[in-house]
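# Architecture at a glance
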Amino acid sequence: MDFIWHRKNKLLPNATRDWIRTEVQLTLDRKTIVGFVVLQVFEDHDGAVHEILKHDCAHGKYHVHRYYEGPHAKVVESNEPISHELYQLAKRDIVENGMSYRERFLIKYGINP
């Protein structure tokens, strides 16, 4: 079966260096999501880009990487089926909680914002 990818980068609300990057894998008729990545990234003053949090469906299973908890943080997996609703939930998580995740990341790694 053939698929298409739709990619988008967007600043988080009230942010100047915090981005939400989305990649959605769709069926050719664009009716079914078969995979996605929703990633929060932060660009520091030196131009380095840091991944803060990532919701993804690699290997056909939804899971969350919480990079703000440390380099060896446990990946949180779910048996939730891949769907448009799950994709929207992942985006909403980053939009609503992104600044908190970023602050925790900066403290954890000692980065001066």
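The structure this text deals with has already been given above.
Definitions and limits used
Residues numbered from 1 in each chain as written. Predicted model: local features only at pLDDT ≥ 70, side-chain atom pairs only at ≥ 80, totals over all residues. Heavy atoms only, no water. Helix = DSSP H or I, 4+ residues; strand = E, 2+ residues; numbered from the N terminus. Rg over C-alpha atoms; globule rule 2.2 N^0.38 Å. Buried < 20%, exposed > 50% of the residue type's maximum accessible area, 1.4 Å probe, protein only. Contact = heavy atoms within 4.5 Å. Areas by Shrake-Rupley, 256 points an atom, 1.4 Å probe, with all protein chains shown as cover. Lys, Arg positive; Asp, Glu negative; His and termini not counted. Charge placed at Lys NZ, Arg CZ, Asp CG, Glu CD.

Scanning the protein from terminus to terminus reveals one helix and six strands. Put simply, the protein runs from its N terminus to its C terminus through helices and strands in the order β-β-β-β-β-β-α. For the protein, whose C-alpha radius of gyration is 15 Å, the value lies close to the compact-globule estimate of 13 Å for 113 residues. If one aligns the C-alpha atoms of the protein with their principal axes, the spans along those axes are about 45 × 25 × 20 Å. For the protein, buried positions account for 38% of its 113 residues. Long-range contacts, defined here as pairs at least 24 residues apart, represent 40% of the contacts in the protein between residues at least 6 apart. Entry remark: accessible area of the protein is about 7,100 Å², with carbon and sulfur atoms responsible for 50%. Here the protein carries 16 positive and 16 negative side-chain charges, and the mean point of each set is 2 Å from the other.

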